[in-house]
Amino acid sequence: MQKRLIAAALLGTALLTACGTNNKNVAESPGIYKHSGNTINKQNDEDLYNPEKVNTQSEKEKEFGFVRQVKSPVPNKNVNFNQNNAMNREKVAKSISNMLVTIPNVHDASVLVTDEEVLVAYRTDAKDKKDRFEVADQVKKTAMSVVPRWFHVYVTDDTSLRQDVKNIAYMDSNSQNKEETIKGLVKRMLSRSPQGRKVNDGENPNGEVINKHKNKAEDQDEYRERMDNGNL
């Protein structure tokens, strides 16, 4: 009887040790994640490890944002891209417009985000050429700071073009004549308004990549270079 009790005690100890080791391996394994889903962010960690913590709205606004994205919580299983992963262009446009009206001398801004361009029509009280140039540069850089790097940004302080920007908002990526409509508006924006400084030595003011050997843009969607070469 005593031998059976000792054997049972040893078995129980072994099982507890195995469970503890297994949990440790799962927690530390780079291939298995205890979080459900594919995104691990700071808020999730607080919910899991510090559920009693309650942040006020003011405290949340002061926090840094951190997200770690993994392909899948299961090793060797890829996550499928779906509509939930796509950029919400309406929210991006709102974020840009909210930032633009904080710029001195910018009183309102209409922002359109397409699949590869940002078109901004804004109202400013800057009158002379130098001041208009500086405001345009700030507006352009602000928009570029929000969207992915491949986007081209075109701006105008001609308020008569605001309705044109709004009209394109009723189109989508599959609309007929989308390219021609956008091209026509961009041409008017470029001809009537300053665009600010070039982004860098390899990109013009609108973020279009320049082929230094040919001194023109490398693709047919880069309207500024096409206009400069008389092809827009």
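I will try to describe carefully the structure that is included in this document. Computed from a predicted structure; not experimentally measured. (Residues numbered from 1 in each chain as written. Predicted model: local features only at pLDDT ≥ 70, side-chain atom pairs only at ≥ 80, totals over all residues. Heavy atoms only, no water.)

Looking now at the sheet that holds strand 3 (residues 106-113). An order of 3-4-5 is seen for the three strands of this open sheet, with the pairing classed as mixed. Looking along the sheet, the strands with just one partner apiece sit at the ends: strand 3 and strand 5 (152-156). Averaged over all neighbouring strand pairs, the angle between strand axes comes to 20°, with direction disregarded. Looking at chain direction, strand 3 and strand 4 (residues 117-124) are connected through seven bridges and run antiparallel. Within the sheet, the bridge partner assigned to Ala 109 lies in strand 4 and is Tyr 122. Across the sheet, helix 4 (residues 89-100) touches strand 3 and strand 4, and the angle it forms with strand 3 is around 160°. Set on the sheet, helix 5 (residues 129-144) makes contact with strand 3, strand 4 and strand 5; between it and strand 4 the angle comes to about 140°. (Pairing = 2+ DSSP bridges. Helix = DSSP H or I, 4+ residues; strand = E, 2+ residues; numbered from the N terminus. Axes fitted to C-alpha atoms, helices over the stretch in contact; angles between N-to-C directions. Contact = heavy atoms within 4.5 Å.)

The next subject is helix 5. Between the first and last C-alpha of helix 5 there are 22 Å, a value that for 16 residues agrees with the 22 Å anticipated at 1.5 Å per step. Looking at helix 5, one finds that the buried residues are Val 135, Ala 136, Asp 137, Val 139, Lys 140, Thr 142, Ala 143 and Met 144. Among the residues of helix 5, the N-terminal cap falls to Asp 128, whose side-chain oxygen and the backbone nitrogen of Lys 130 are separated by 3.2 Å. (Expected span 1.5 Å × (residues − 1). Buried < 20%, exposed > 50% of the residue type's maximum accessible area, 1.4 Å probe, protein only. Polar contact = N/O pair within 3.5 Å; in protein donor to acceptor, adjacent residues only side chain to side chain.)

In terms of nonpolar packing, the biggest core is built from 22 residues, with Ile 96, Val 118, Tyr 122 and Val 139 touching the most fellow members. Every element with two or more residues in this core is listed here: helix 4, strand 3, strand 4, helix 5 and strand 5. Here this core gets five residues from one element, more than from any other, and that element is helix 5. Leave out the neighbours within four places in its chain, and Tyr 122 touches Val 106, Asp 108, Ala 109, Arg 132, Val 135, Ala 136, Val 139, Val 155, Thr 156, Asp 157 and Thr 159. (Core = buried A, V, L, I, M, F, W, Y, C linked by side-chain atoms within 4.5 Å.)

Attention shifts here to the side chain of Thr 142. Within the secondary structure, Thr 142 sits in helix 5. Among the polar contacts made by the side chain of Thr 142, one reaches the main-chain carbonyl oxygen of Gln 138 at a distance of 2.7 Å. Ignoring anything within four residues of it in the chain, the contact list for Thr 142 reads Met 99, Leu 100 and Ile 103.

What follows is about unusual backbone geometry. The phi angle at Asn 105 is positive, at roughly 75°, despite the residue not being glycine. The topology assignment puts Asn 105 in the loop between helix 4 and strand 3. Within the chain, Asn 177 stands out as a residue other than glycine whose phi angle is a positive 65°. The topology assignment puts Asn 177 in the loop between helix 6 (162-168) and helix 7 (178-192). Take Asn 177: its relative accessible area is 57%, and that puts it in the exposed class.

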